[in-house]
Amino acid sequence: MANNIIQSYPLPSIQRLPIYLRLLKEARDRGETIISCTKISEEVNQLSVQIRKDLSITGIVGRPKVGYKINDLIAAIETFLGWNRKTNAFLIGAGSLGSAILKYEGFVEHGLNIVAAFDVNPELFGKTIHQCSIYPIEKLTELAKDQTIEIGILTVPANVAQKAADLLLEIGVQAIWNYTPARLDLPALVICEDVKLSASFAVLSSRLMNRGV
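To keep things clear, this report deals only with the structure shown in the data block. Quantities reported herein were computed from a predicted structural model and do not represent experimental measurements. (Residues numbered from 1 in each chain as written. Predicted model: local features only at pLDDT ≥ 70, side-chain atom pairs only at ≥ 80, totals over all residues. Heavy atoms only, no water.)

As for unusual backbone geometry
We count it as follows: A simple rule labels every residue: compare its accessible area, found with a 1.4 Å probe on the protein chains alone, to the largest value its type can have, and call it buried under 20%, exposed over 50%, or partly exposed in between.
With a phi angle near 55 degrees, N45 is a residue other than glycine that sits in the positive phi range. Exposure remark for N45: the relative accessible area of 72% places this residue in the exposed category.

Okay, structure coming up:
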């Protein structure tokens, strides 16, 4: 999991790194070994000077007029993002959104290991979603005793989000991935990433309504 250092880098640059990573892996699978910022620019419709700046935050330096060794660049990006190691997580809220997150196989590739999911609905207890078991919320502390859980994923109703976050803080999570609209009160050293689904849809829908204006 990325630590507080990552927050000092430009957020748009960090958000573009997974795009570059996907492209690099596709190039590697085609047998390519070297890639330039110009080539990446053509693929992602981004200025090559910006791509160079984005990649520089990983600490890697390309060779002038040559570019980067693809394997080295993949390793640099994955190390910077913390995707080269396994990070354990608990998910609270195994409803529709929580279940969708559990079913997404891409997280495994990024090193995210959702160890267990929790809910208050008895009908979900004992069920397994993509090899992840669902437990009563009362079991959270007990299941955290023998393992390190770094990330908490919240997909609960907003009115119980803070209570769920407090439970995660009690077991020592270092970061919370908040899919709820609630604004959480957290210690300064705990990282929180708010996924603003409504805000994202607002951008999409407004662009749809005002296209051509």
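As for the layout of surface pockets
Which entries qualify depends on this criterion: Here a cavity denotes grid points, spaced 1 Å and computed from the protein atoms alone, that fit a 1.4 Å probe unable to get out, and a pocket denotes an open set having protein on both sides within 12 Å along at least 5 of 7 lines; residues with an atom within 4 Å of a point are the lining. Grid points are joined across faces, edges and corners, and a volume is the space filled by probe spheres set on the points. Elements are defined by DSSP. Helices are runs of H or I of four residues or more, strands are runs of E of two residues or more, and each kind is numbered from the N terminus. Any residue that is not Ala, Val, Leu, Ile, Met, Phe, Trp, Tyr, Cys, Pro, Asp, Glu, Lys or Arg is counted as polar, Gly included; the first ten are nonpolar and the last four charged.
Roughly 320 Å³ of volume is contained in the second largest pocket. Taken together, 19 residues line the second largest pocket, and the ones lying closest to its centre are I92, V120, V156, P157 and V160. Elements with a minimum of two residues in the lining of the second largest pocket: α5 (96–103), β4 (112–119) and α8 (161–170). Residue classes in the lining of the second largest pocket are distributed as 11 nonpolar, 6 polar and 2 charged.

Focus on the packing of helix α2 (residues 37–44) against helix α3 (residues 48–56)
Filter applied, for reference: Only the contacting stretch of a helix is used when fitting its axis, a line to C-alpha atoms as for every element, and angles between N-to-C directions run 0 to 180 degrees. Roughly parallel covers angles under 35 degrees, roughly antiparallel covers those over 145, roughly perpendicular covers 65 to 115, and oblique covers all other angles. It only takes one pair of heavy atoms within 4.5 Å for two residues to be counted as in contact.
Between α2 and α3, the shortest axis-to-axis distance is 8 Å and the interhelical angle comes to 110 degrees. In terms of orientation, α2 and α3 fall into the roughly perpendicular class. In this structure, α2 uses C37, T38, I40, S41 and V44 to contact α3, whose residues at the interface are S48, I51, R52 and L55. Class assignment of the residues belonging to the contact of α2 with α3 gives a composition of 5 nonpolar, 3 polar and 1 charged.

Looking at the packing of helix α1 (residues 11–29) against α3
Relative orientation and spacing of two packed helices are given, respectively, by the angle between their axes and the distance between those axes. Orientation of α1 relative to α3, taken along the N-to-C sense of each, is 100 degrees, at an axis distance of 9 Å. Classed by the angle they form, the pair α1 and α3 counts as roughly perpendicular. Only Q50, I51, D54 and L55 of α3 make contact with α1, whose side of the interface consists of S13, R16, L17 and Y20. Residues that form the contact of α1 with α3 fall into these classes: 4 nonpolar, 2 polar and 2 charged.

Topic: the environment of E170
Position of E170 among the secondary structure elements: in helix α8. The exposed category is assigned to E170, whose relative accessible area is 61%. Spatially, the C-alpha atoms of E170 and T141 are 8.0 Å apart, while their sequence positions differ by 29 residues.

Structural notes on the pattern of salt bridges
The condition that has to hold: Just to be clear on terms, a salt bridge is a Lys or Arg side-chain nitrogen sitting within 4 Å of an Asp or Glu carboxyl oxygen.
Taken as a whole and assessed by the stated rule, the structure comprises 9 salt bridges. As a salt-bridge pair, R22 and E26 come within 3.3 Å of each other at their nearest N and O atoms. Placement of the pair is R22 and E26 together in helix α1, with a separation of 4 residues, close to one helical turn. As a salt-bridge pair, R28 and D29 come within 3.8 Å of each other at their nearest N and O atoms. On the basis of relative accessibility, which here comes to 36%, the residue R28 falls in the partly exposed class.

So, the environment of L23
Residue placement: L23 occurs in helix α1. Setting aside residues no more than four positions away along its own chain, L23 makes contact with I35, I40, E43 and V44.

What about the sheet that holds strand β8 (residues 175–178)?
This is how it is decided: Two strands are counted as paired when DSSP detects at least two bridges linking them.
Strand order in the open sheet formed by 7 strands is β5-β6-β4-β3-β7-β8-β9, and the pairing between neighbours is mixed. Since the sheet does not close on itself, it has two edges, and those belong to β5 (128–129) and β9 (191–194), each with one partner. With respect to the sheet, α8 is in contact with β3 (87–92), β7 (151–154) and β8, its orientation differing from that of β7 by roughly 165 degrees.

Quick word on the nonpolar core
As a reminder of what qualifies: Put simply, buried Ala, Val, Leu, Ile, Met, Phe, Trp, Tyr and Cys residues joined by side-chain atoms within 4.5 Å make one nonpolar core.
The biggest cluster of nonpolar side chains holds 22 residues, and the ones touching the most others in it are L17, L55, L73 and I77. At the level of elements, α1, α2, α3 and α4 (70–81) are the ones that each hand at least two residues to this core. Those residues in contact with L73, other than ones at most four positions away along the chain, are L24, I35, L55, I60 and Y68. With 21 residues, the next largest nonpolar core counts I92, I137, L140 and A182 among its residues.

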